[in-house]
Amino acid sequence: MAKLEGELTWKDLEIGSIVVEPGNASQYQTGDWRSQRPALDVKRCIKCGICYIFCPEGCIIQNAEGYFESNLFYCKGCGICACECPTEAITMVEGE
Amino acid sequence: MAKRVGIEISAAIGEAVKLANVDVVASYPITPQTHIVEHIAELVADGELDAAYIPVESEHSAMSACLGASAVGARTFTASAGQGLELMHEVLYIASSMRLPVVMAVTNRALSAPLSVWGDHSDAMAVRDTGWIQIFTENGQEVIDNVLCAFRIGEDRGVLLPVMIHLDGFHLSHMIEPIYIPEQSEVDKFIPPYQHPLPLNPDKPVTMGAFGPPFIYTETKKAQEVNLTAAKEVILQCWEDFGSIFQRYYHPVETYHSEDAKILLLTMGSYSETATMTIDTLREEGKNVGLVKLRLWRPFPFAEIRQAVKDAEVLIVLDRALSFGGPAGPVCSEIKAALYNEDKKPKVVSFVGGLGGRDITPDGFREIINRGIEISRTGSEQEFEMFGVRE
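Fair warning: this is a prediction, and the values are worked out from it, not measured in the lab.

How each quantity is defined
- Residues numbered from 1 in each chain as written.
- Chains lettered and ligands numbered in written order.
- Predicted model: local features only at pLDDT ≥ 70, side-chain atom pairs only at ≥ 80, totals over all residues.
- Helix = DSSP H or I, 4+ residues; strand = E, 2+ residues; numbered from the N terminus.
- Rg over C-alpha atoms; globule rule 2.2 N^0.38 Å.
- Buried ≥ 20, exposed ≤ 12 C-beta atoms within 10 Å, placed from the backbone.
- Contact = placed C-beta atoms within 7 Å.
- Pairing = 2+ DSSP bridges.
- Axes fitted to C-alpha atoms, helices over the stretch in contact; angles between N-to-C directions.
- Expected span 1.5 Å × (residues − 1).
- Nonpolar A, V, L, I, M, F, W, Y, C, P; charged D, E, K, R; others polar.

### Comments concerning the overall build of chain B
No. 1: What chain B contains, in helices and strands, is 13 helices and 15 strands.
No. 2: Computed over C-alpha atoms, the radius of gyration of chain B comes to 21 Å, within 12% of the 21 Å expected from 2.2 N^0.38 for 391 residues, which places it in the range of a compact globule.
No. 3: Overall size of chain B, expressed as C-alpha extent along the three principal axes, is 70 × 55 × 45 Å.
No. 4: The buried share of chain B, reckoned over its 391 residues, is 51%.
No. 5: At a minimum sequence separation of 6, the contacts of chain B that also span at least 24 residues come to 81%.

Set out below in structure tokens:
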């Protein structure tokens, strides 16, 4: 994309605003919708992966140590992971 | 050489769809449109038209299936009316916004309640702002000719927009008229193959109708508006080419004895033919009246309307739909808006009539014209008057 998305004029759009680059939704930072982020207390985490299963954004990945982490570029801060966590290892906190 | 045959207009639409070699028809039957899709279903079942006929469960699904078909590059047709058109309402915007040239015949019908299957323009006016090209017709020949033109206009690479052909329910849809049905070879030459430049294709994936956040939505709507307005040039060219081949000519605004007329009546659809009889009679009586017929509803023909009425003193507009609580009938509102900033313009008088299949006879149009002249002189306490209503 030659122009930044906020610089596109109506003349720059494909007909019908058709998206011709497959999968380019991955460039969209849904993380900036967030008002709270999930914080993981590794002492409480049992690495069960329930947060991974329930995350509606699919933005939780397992790291090398086996803990499940949210990708904050995409995490919308919905709090479902914190709600579902059986050991209350995840809490929703203000800020980045 | 085209044959002139006596045929019900609904069946003739089916013949036009066959001549256009449509690929997909998805539809749900509703009075007074049913005969159109019944005839197409027969043509497909009999092997006369090689098309997929999808008998869907609702009009919402009909239009949705048409979108999908059009998006892969299939020539697509459907038909609806009244409540059916309302049920597919939200999908109509998607067809125009995604630039999918579905063609739809609308047998104009009143809206419930009370339940009315009979004709008026309430359904058409409710879908006014859906971004479709919209053309009104006044007899069977005009319907067939414009259904054929609709494929060529809508599928034009510079247009790629859906097209509605409006015909009055029953007054046109169920009439048997002598109609010239063109030869297949003529139609093949007139309508080039449909090729969407960015179709749904697994080999080259695209996304249609993706979400548009605030930073881009305004630009998408500007592009759509420019596109629909610019389609007028293609429509004019199509009608000119159609005329040179078939010797029948169409224009965005058509007139009848309007050149020197101080009093003008404006109508849309089949009632225009009745109104011409009244104009003939009044002319014989030496009265200086004429008729203006609005054919192209979207994109709205501002220049042609202004040109057609600029020398008149009084313009009487008949709407077959009611904008409840509004300033006038929907057509008259737009005519007034088109003329408001003009230096030279007639007084505009608004009538609403012909609702729910109520006939307006030649004598009725005489009453409308006489009352319109009276209102232009004395004024009226009402923004518009309902013609023929029993007080």
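### Brief notes about the sheet that holds strand β15 (residues 385-386) of chain B
Residues and elements named next belong to chain B.
No. 1: Overall, mixed pairing links the 6 strands, which are arranged β9-β11-β10-β13-β14-β15 in an open sheet. In this open sheet, the two strands that pair with only one neighbour each are β9 (253-256) and β15.
No. 2: Inspection of the sheet shows β9 paired to strand β11 (residues 289-294) by 4 bridges, in the antiparallel sense. Bridge pairing in β11 links tyrosine 256 to leucine 291.
No. 3: The sheet contacts of helix α10 (residues 271-284) involve β9, β10 (263-267) and β11, and relative to β11 the element is tilted by about 165°.
No. 4: Contacting β10, β11, β13 (314-319) and β14 (347-352), helix α13 (residues 362-378) crosses the sheet at an angle of about 130° to β13.

### Concerning helix α2 (residues 34-45) of chain B
All names here are of chain B.
No. 1: Counted at 1.5 Å a residue, the expected span for α2 with its 12 residues is 16 Å, and the 16 Å between its end C-alpha atoms agrees.
No. 2: Taken together, the buried positions of α2 are His35, Ile36, Val37, His39, Ile40 and Leu43.
No. 3: Where α2 is buried, its residues touch β1 (3-8), α1 (9-19), β2 (24-27), β3 (52-55), β4 (76-80) and β5 (103-108).

### Notes on the interface of chain B and chain A
No. 1: Taken together, the contact pairs 18 residues of chain B with 14 residues of chain A.
No. 2: At 6 residues, helix α9 (residues 214-246) of chain B tops the list of elements feeding residues into the side of chain B that touches chain A.
No. 3: Across the side of chain B that touches chain A, the residue classes break down as 11 nonpolar, 4 polar and 3 charged.

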